[in-house]
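# Residue-level structure breakdown
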Amino acid sequence: MPYQRNLGIELKISDILFPDSKIADAEKLYFHTDNKCICGDNNIIMKRGAMLSLDTYFNSMPVSQYLEYTDITDISVNVKTRGHFRAETVLLSQEGEQILKSTEIFSDGESGIFNDTVNTEKSAAILFARLTALDDNCIFEGGFYKTSVSGKNIRIAIAVCTYKREEYIIRNALNFSRIFGNSDSVSYFIADNACTLEKNDLPEKDNIHLFHNRNLGGSGGFSRGIYEILQSGEDYTHIILTDDDINIDWRVLEKLSSFLSLLKPEFSELCAGGGMFDRDCQCVQYEAGALCRNRSLEGIEMNLDMSDRNNILRAMSAEKLDYCGWWCCCMPVSMIRKNGFPLPLFIKFDDVEYALRGKMNFIMPVGICVWHENFEKKYQPLLEYYITRNSLITYSLENDTLPLKTIIRNFMSTISGLVFMQRYKTADIIIKAYEDYLKGAEFLENNDEEKYHKILGSGMPREISLDEIYKKEKNIVCGNAEQCHISRFKKYLTLNGMFVSKKEIPLLNIRQYRTELCYGYKKTIQYNPKSNTGYITQRSFFKTLALLMRTIAVSAEIAFKYHKAEQSYKNNLKELTSADMWKKRFEKNGGAVC
């Protein structure tokens, strides 16, 4: 059914949603039921004594968030039932439950349970309904939350960047069109960096737009989406940036749109993020934004089971975040016009840099999320180049600069550790990241990212399945933690046991950095337990020596060039993030902006 929000002079905040098996298998994020309930696509049949509770991630109302950020003074929950029920409206906080109203209802249609003013000073509280069937064959058919306060007009444009993820894009576009039809309040802009999608692959809707783009990475794809939205001439109020390989219940945009429409004037430039839930464990929130502290990112409320209502309260009480990833991030157009476009960083850290540059104020509204593959499964050593280079640029722009002595010490420690772990190619590209950072903004402006990405990827180890590795190699053992007593002096003196020849091959977690576990081994297996893949390394004296010598040379370059490079990024930030610069990049080498 097409999206509708207004109910006369009242505003519908959100519908009570039923799970959609086409999107996710996470019923406990929608309803809490007992074994006397039979859940259908659009109703729940309940036997006598059965209980249904809406104290869930999608179907509770985060009343304290609404009272803090919006102009509402009342929230009511309305349910549609058939049969004889006891209905309760409940306010849940960390102090426990408060039953606001309890009544018996008997109806063959729509029945309003609660329509009084809700007000709470509690930092985290949710409002929900709980139903108990008093006869057999009672049926719950849904409902909605509403408020008597009218909201401002909100028009949302969704910008998605994709590269050879046709299956996800086509499915998401179909689900989008099923919910929003030709609605003029929500539009979908697709920047195809691979140019493999055609318009006839997508639903023929006026609010779905496709643009072929050069492969300028995630930052270039999102910039193309933002560019086209701003050039469209439409009066969009907000832009949502989303990844291509997500599952999303598009119906949650109704709740997000209503929330944005009700914001107090002082929160007019509030940014709203969506939680990233694990596609393999669909009730688990992998991350809900992050803090940026001491030149490192700390994920907020990671790996929470959000089917537990106490974790909903915990997430609502979390510290204010510094950034939200662009798997689902909603920003006001007014703030984007003021902040400019993303930096041309290709991939990684573009969302962090953009949020820090704009000093953005974020909220993670309960009930707004996407399902995404766990980042650990997608990890590749090549990513370390972009993480390293782009974080150096970001922290330079934020004046978060360490003493040169510390920067050089950290650099040398990182490279020596990777070399001793036999991760020679990873060490090589991190050295390259520092070298490219030192070239300053001119390199960022003139670099052909697509070609350079291919150059960086050449020679990277090819990951294969663990089964294939076991067929290739014998004497595989787990990394021996008992060897961790080896002193740093001994490791450096012997180049981590370079001339010791242990016959076993240790199995090492690719995300761990414990050089002792490699001491004296001629070979290792660098293993990603999330993807169940890995690659085999071979110890090399000549690679070790060459990389360590190169590290010393680049350390000298850092000492002389670091501050000059840092200043060049600051001086050229406005140009690098301008619409004109991005248009030139879109059109380079025969590309077109159409």
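Coordinates for the structure precede this section.
In this report, we go over the structure that sits alongside the text. Each chain has its residues counted from 1, following the order in which its sequence is written. Reporting in this predicted model follows two pLDDT cut-offs: at least 70 for local features of residues, and 80 or more for side-chain atom pairs to be given and counted; totals over whole chains, interfaces and linings ignore these cut-offs and use all residues. Water and hydrogen atoms were dropped before computing side-chain values, which therefore reflect all heavy atoms in the structure.

Once that is clear, we can look at the sheet that holds strand β21 (residues 304-305). One open sheet accounts for four strands, arranged β21-β18-β17-β24; its pairing is mixed. Two strands bound the open sheet, and with one partner strand each, they are β21 and β24 (369-372). By the bridge criterion, four bridges tie strand β17 (residues 275-278) to β24 in an arrangement that is parallel. Across the sheet, the residue bridging to methionine 276 is valine 370, located in β24. If DSSP finds at least two bridges between two strands, the strands pair. Secondary structure follows DSSP: runs of H or I at least 4 residues long count as helices, runs of E at least 2 residues long count as strands, and numbering of each begins at the N terminus.

What follows covers the nonpolar core. Here, the term nonpolar core denotes a set of buried Ala, Val, Leu, Ile, Met, Phe, Trp, Tyr and Cys residues that are joined through side-chain atoms within 4.5 Å. A 1.4 Å probe rolled over the protein chains alone gives each residue an accessible area, and that area as a share of the maximum for its type sets the label: buried under 20%, exposed over 50%, partly exposed in between. Counting 94 residues, the largest nonpolar core has Leu29, Met46, Phe140, Tyr188 and Trp371 as its most contacted members. Once residues within four sequence positions are removed from consideration, tyrosine 188 is found in contact with Ile158, Val160, Ile169, Asn172, Ala173, Phe176, Asn207, Ile208, His209 and Trp250. Counting 41 residues, the second-largest nonpolar core is a separate cluster that includes Ala159, Trp326, Met335 and Ala355. Here, residues are in contact when the closest pair of their heavy atoms is within 4.5 Å.

This part is about the side chain of aspartate 74. Secondary-structure assignment places aspartate 74 in the loop between α1 (63-69) and β7 (76-93). Here aspartate 74 occupies a buried position and makes no salt bridge, while the nearest side chain of opposite charge, lysine 146, is found at 8.0 Å. Within the structure, aspartate 74 has its side chain in polar contact with the side chain of serine 148 (distance 2.6 Å). Charge counting follows a simple rule: Lys and Arg are positive, Asp and Glu are negative, and His as well as the terminal groups are ignored. We count a salt bridge whenever a side-chain nitrogen from Lys or Arg sits within 4 Å of a carboxyl oxygen from Asp or Glu. By the criterion applied in these results, polar contacts are pairs of N or O atoms within 3.5 Å in which, for protein atoms, one can donate a hydrogen and the other can accept it, and in which residues neighboring in sequence qualify only through two side-chain atoms.

This part takes up the packing of helix α3 (residues 217-231) against helix α18 (residues 579-587). Here an angle of 0 to 180 degrees is reported between the N-to-C directions of two axes, which are lines fitted to C-alpha atoms, with helices fitted over the stretch in contact. Two elements in contact, α3 and α18, have axes separated by 11 Å at closest approach and are oriented at 115°. One element, α3, and the other, α18, form an angle in the roughly perpendicular class. Note on packing geometry: the crossing formed by α3 with α18 is left-handed. Across from Ser219, Gly220, Ser223, Arg224 and Tyr227 in α3, the residues of α18 making contact are Ala579, Trp582, Lys583 and Phe586. For classification, angles of less than 35 degrees are called roughly parallel, those exceeding 145 degrees roughly antiparallel, those between 65 and 115 degrees roughly perpendicular, and all remaining angles oblique. A crossing counts as left-handed when the near helix is turned anticlockwise from the far one by less than a right angle, and as right-handed when that turn is clockwise.

The seven strands lie next to each other as β14-β13-β12-β15-β22-β16-β23, forming an open sheet whose pairing is mixed. What marks the edges here is a single partner per strand, and that holds for β14 (208-212) and β23 (362-363). Sheet analysis places strand β16 (residues 271-273) next to strand β22 (residues 328-332), joined by two bridges and oriented antiparallel. Each residue of the ladder has a partner; that of alanine 272, found in β22, is cysteine 330. Contacting β12 (156-162), β13 (186-192) and β14, helix α2 (residues 166-180) runs over the sheet at an angle of about 165° to β13.

A separate point is the packing of helix α9 (residues 383-397) against helix α11 (residues 424-438). Axis separation between α9 and α11 bottoms out at 8 Å; the angle between their running directions is 30°. By the angle class used here, α9 and α11 are roughly parallel. Crossing hand, α9 versus α11: right-handed. Contacts between α9 and α11 involve Glu384, Tyr385, Thr388, Arg389, Leu392, Ile393 and Ser396 from the former and Thr426, Ile429, Ile430, Lys432, Ala433, Tyr434, Asp436 and Tyr437 from the latter. Within the contact of α9 with α11, the residues separate by chemical class into eight nonpolar, three polar and four charged. Just so you know the grouping, Ala, Val, Leu, Ile, Met, Phe, Trp, Tyr, Cys and Pro go in nonpolar, Asp, Glu, Lys and Arg go in charged, and all remaining residues, Gly too, go in polar.

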